[in-house]
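What follows is the residue order along each chain.
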Amino acid sequence: MIERYARPEMAELWTEETKYATWVRVEVLATTAQAELGVVPPEALDVIRRAPLPTVERIRELERTRDHEILAFLAAYTEAMPSDAARWVHHGMTSYDLVDTSLGHILARSCDLVTGAAHALARRLAERALEHWDTPCIARTHGIHAEPTTFGQKLAVHAHALHRCLAQLTAARTAVAVGTLSGPVGTYAHISPQVEERVCGELGLGVEPVPTQVVARDRHAQLLSALAITGAVVEQFALEMRMLQRTEVAEVDEPRTSAYQGSSAMPHKRNPTTSERLCGLARILRANAGAAYENIALWHERDLAHSSVERVILPDSLTVSHYQLVSAYALLDGLRVFPDRMARNIDLTRGLVYSSEIYLDLVSDGADREDAYRLVQEAATEAWSSGTGLAGSLESRGIPVRDEQLDPGRFLGNRAHLKTRLETLNKELQQHVDM
């Protein structure tokens, strides 16, 4: 992923240096386990443990003469070792024992960063939802004014959605945090299962229960699916913030630096660029998830069609997801909310948003449901067309309107159970931080 959309802590995990250092760690752990089983001489293990890390440049140089990255790595890693020690490196292993076990370790660490960022955003959403639980604003369906709600309830929707994503991300981490050291075609013909257990245990990984020589790629598809869904949930939040920043709405304003310039031509512009960026990044995550599905089906015990795809989609998806979540947190944390403008927008249609209250009161007073609906609808249509208020249009038809029927608070008094659910979620998220 380009540097623009990468946080340094995630980018570091996906460098070539980190990859090869992890490969060395796996090789050392495997050789150590082999030595404990009496396969590798102790003196060879001592040499292997002390060997320096190979450089990326040297591996690339050797790859040009071998056309095989793992063989180039092994040659670079062992070239300074005496042959009596070097011959025990990678003993009984095949290429993807090294690649997939190392990948599982890096994926697990990457997932921890993503999950941590998702948790922080969910927690902040819950906090700000409680802060604005009683801040009235207009709800919109199909983009059209519907009835009053509160800004806190809007944010609570996103908090609960992201909390669901956390469960999916956690499950996906478990799915990808696995390795295998089972040798060619996964039969353990040349390596003991105890080596696999020792290496994966040291790395904090599970093991592929029945390997085919590679880790099953449905695991990686599960991860990218979870990242795509999480990205879409962040997009849903960001899209709402974009819509609420439109000039005609102006209910919120995303944070900007003092150096912000919105347009090269129009000095007055304050564009929702952060929100738009969050929406755009979600498209990358969805597209990459599709590629991960294509990687599930491999020929027989393995092929290599997935490799080139994963070199792009795994680091890019995890990097983008992490960046998107951290950026969404910054947007939310610095978001300016304008309750006065929200109140103004509730009154923008001069009472039309209270039509359901008046309609239901008429039915409760004995009117036929269809007749009451049509009567209020006709009054609302006239009020909308003429620009007059709904109350005046109804009263001209002989239907008195009481002040309490035009009170947004009347719509908001039956939400105690929703707040209780939000408070429970907030408490759970806060307890996770304290652990």
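Nothing here was measured: the structure is a model prediction, and the numbers come from that model.

S.K.: Looking at this structure, how should I read the pattern of salt bridges?
M.R.: Side chains carrying opposite charge are able to pair once their charged atoms draw close together. All chains considered together, the criterion is met by 33 salt bridges. Close ionic contact of R311 with E69 constitutes a salt bridge, the shortest N to O distance being 2.6 Å. On the criterion of sequence distance, the pair formed by R311 in helix α12 (residues 305–333) and E69 in helix α5 (residues 69–78) is long-range, its members being 242 residues apart. For E69, a relative accessible area of 8% gives the class buried. Of the charged contacts in the structure, one is a salt bridge between D253 and R336, with a shortest N-O distance of 2.9 Å. Of this pair, D253 sits in strand β5 (residues 252–253) while R336 sits in strand β6 (residues 336–337), and the two are 83 residues apart along the sequence. Three or more residues joined by partner-sharing salt bridges are found here, namely E16, K19, R60, E63, E69 and R311.

S.K.: What am I meant to see in the layout of surface pockets here?
M.R.: Rolled over the atoms, a probe as big as a water molecule pinpoints where empty space is left. The computed volume of the largest pocket comes to approximately 700 Å³. E16, K19, E69, E310 and R311 are the residues nearest the centre of the largest pocket, which is lined by 29 residues in total. Listing elements by their share of the lining of the largest pocket, those giving two or more residues are α1 (8–13), α2 (16–36), α5, α7 (95–131) and α12. Across the lining of the largest pocket, the residue classes tally to 14 nonpolar, 6 polar and 9 charged. In this structure, the second largest pocket spans a volume of roughly 560 Å³.

S.K.: Looking at this model, I keep getting lost on α5. Mind explaining?
M.R.: Given 3.6 residues per turn, any residue in an α-helix points the same way as the ones three and four places further on. Judged by how many residues are buried, α5 sits mostly within the fold: 9 of 10 residues are covered. The complete set of buried residues in α5 reads E69, I70, A72, F73, L74, A75, A76, Y77 and T78.

S.K.: Before we go on, may I ask you to explain helix α4 (residues 56–66) in this structure?
M.R.: Looking only at α4, the buried set comprises V56, I59 and L62. An end-on view of α4 places all buried positions within 130 degrees of arc, on one side of the element. The exposed residues of α4 that point more than 90 degrees off its buried face are E57, R64 and T65. Packed against the buried residues of α4 are α2 and α5. Following α4 by one or two positions, D67 has its phi on the positive side, about 55 degrees.

S.K.: Mind showing me how you'd approach a nonpolar patch on the surface here?
M.R.: A cluster of nonpolar side chains, M1, I2 and I284, forms an exposed patch at the surface whose accessible area comes to about 240 Å². I284 gets classed as partly exposed once you look at its relative accessible area, which sits at 30%.

S.K.: Just checking my understanding: could you explain empty space enclosed by the protein for this structure?
M.R.: According to the stated counting rule, one finds 1 cavity of 30 Å³ or more in the structure shown. For the largest cavity, the full set of lining residues is L121, L125, H158, L162, V233, V234 and F237. Looking at the lining of the largest cavity element by element, the count peaks at 3 residues for helix α10 (residues 218–244). The residue makeup of the lining of the largest cavity, split by class, is 6 nonpolar, 1 polar and no charged.

S.K.: Would you mind showing me how to read the pairing of strand β2 (residues 144–150) here?
M.R.: Consecutive side chains of a regular strand alternate in pointing toward one face of the sheet and then the other. By the bridge criterion, 5 bridges tie strand β1 (residues 136–141) to β2 in an arrangement that is antiparallel. Within β2, the residue paired with I138 across the bridge is P148.

S.K.: Just checking my understanding: could you explain the environment of L98 for this structure?
M.R.: Looking at where L98 falls in the secondary structure, it is placed in helix α7. Note: C-alpha distance between L98 and R286 (188 residues apart in sequence) is 29 Å. Apart from the residues lying within four places of it in its own chain, the contact partners of L98 are W23, V26, E27, I70, F73, H90 and M93.

S.K.: It is not clear to me how the nonpolar core should be interpreted in this structure. Could you clarify?
M.R.: What tends to happen in soluble globular proteins is that the nonpolar side chains get buried as a cluster. Residues F151, L223 and M241 are the most contacted members of the largest nonpolar core, which totals 63 residues. Of all elements in the fold, only α1, α7, α8 (151–176), α10, α11 (273–294), α12 and α17 (416–434) reach the threshold of two or more residues within this core. If sequence neighbours within four positions are ignored, F151 has contacts with H132, T135, C137, M241, L244, V252, L335, V337 and M342.

S.K.: Just checking my understanding: could you explain the side chain of R124 for this structure?
M.R.: Inspection of the secondary structure assignment puts R124 in helix α7. R124 gets classed as buried once you look at its relative accessible area, which sits at 17%. For R124, the residues in contact, after removing those within four places along its chain, are Y329, L332 and D333.

S.K.: Before we go on, may I ask you to explain the packing of α8 against α10 in this structure?
M.R.: In a pair of packed helices, the angle between the axes and the distance between the axes together describe the arrangement. Axis separation between α8 and α10 bottoms out at 8 Å; the angle between their running directions is 165 degrees. For the element pair α8 / α10, the angle class is roughly antiparallel. The element α8 and its partner α10 pack so that their crossing is left-handed.

The rules behind these values
- All residue numbers here refer to positions counted from 1 along the written sequence of the relevant chain.
- Since the coordinates come from a predicted model, pLDDT governs what is reported: local features require at least 70, and pairs of side-chain atoms require 80 or more to be given and counted, while whole-chain, interface and lining totals use all residues.
- The side-chain values count all of the structure's non-hydrogen atoms but skip hydrogen atoms and water molecules.
- We count a salt bridge whenever a side-chain nitrogen from Lys or Arg sits within 4 Å of a carboxyl oxygen from Asp or Glu.
- Helix and strand assignments come from DSSP, with helices taken as H or I runs of at least 4 residues and strands as E runs of at least 2, each series counted from the N terminus.
- Buried, partly exposed and exposed residues are distinguished by accessible area as a fraction of the type maximum, computed with a 1.4 Å probe on protein chains only: under 20%, between the cut-offs, and over 50%, respectively.
- The rule is simple: put a 1 Å grid over the protein atoms alone, call a set of points where a 1.4 Å probe fits but cannot get out a cavity, call an open set with protein on both sides within 12 Å along at least five of seven lines a pocket, and count a residue as lining if it has an atom within 4 Å of a point.
- Grid points are joined across faces, edges and corners, and a volume is the space filled by probe spheres set on the points.
- In this count, Pro and Cys sit with the nonpolar residues alongside Ala, Val, Leu, Ile, Met, Phe, Trp and Tyr, while Asp, Glu, Lys and Arg are called charged and the others, Gly among them, polar.
- Note that the arc is defined by the directions from the helix axis to the C-beta atoms.
- We call two residues contacting when some pair of their heavy atoms lies within 4.5 Å.
- Any residue with relative accessible area above 30% and no salt bridge may belong to a patch, with like charges joined within 9 Å and the nonpolar Val, Leu, Ile, Met, Phe, Trp and Tyr side chains within 5 Å.
- Values of accessible area rely on a 1.4 Å probe in the Shrake-Rupley scheme; residue burial ignores everything except the protein chains shown.
- Strands are treated as partners if at least two bridges between them are detected by DSSP.
- What we call a nonpolar core is a set of buried Ala, Val, Leu, Ile, Met, Phe, Trp, Tyr and Cys residues that are connected through their side-chain atoms within 4.5 Å.
- Interaxial angles span 0 to 180 degrees and are taken between N-to-C directions of axes, which are lines fitted to C-alpha atoms, for helices over the stretch in contact.
- Any angle between 65 and 115 degrees counts as roughly perpendicular, while under 35 counts as roughly parallel, over 145 as roughly antiparallel, and the rest as oblique.
- When the near helix sits turned anticlockwise from the far one by under a right angle, the crossing is termed left-handed; a clockwise turn instead gives a right-handed crossing.

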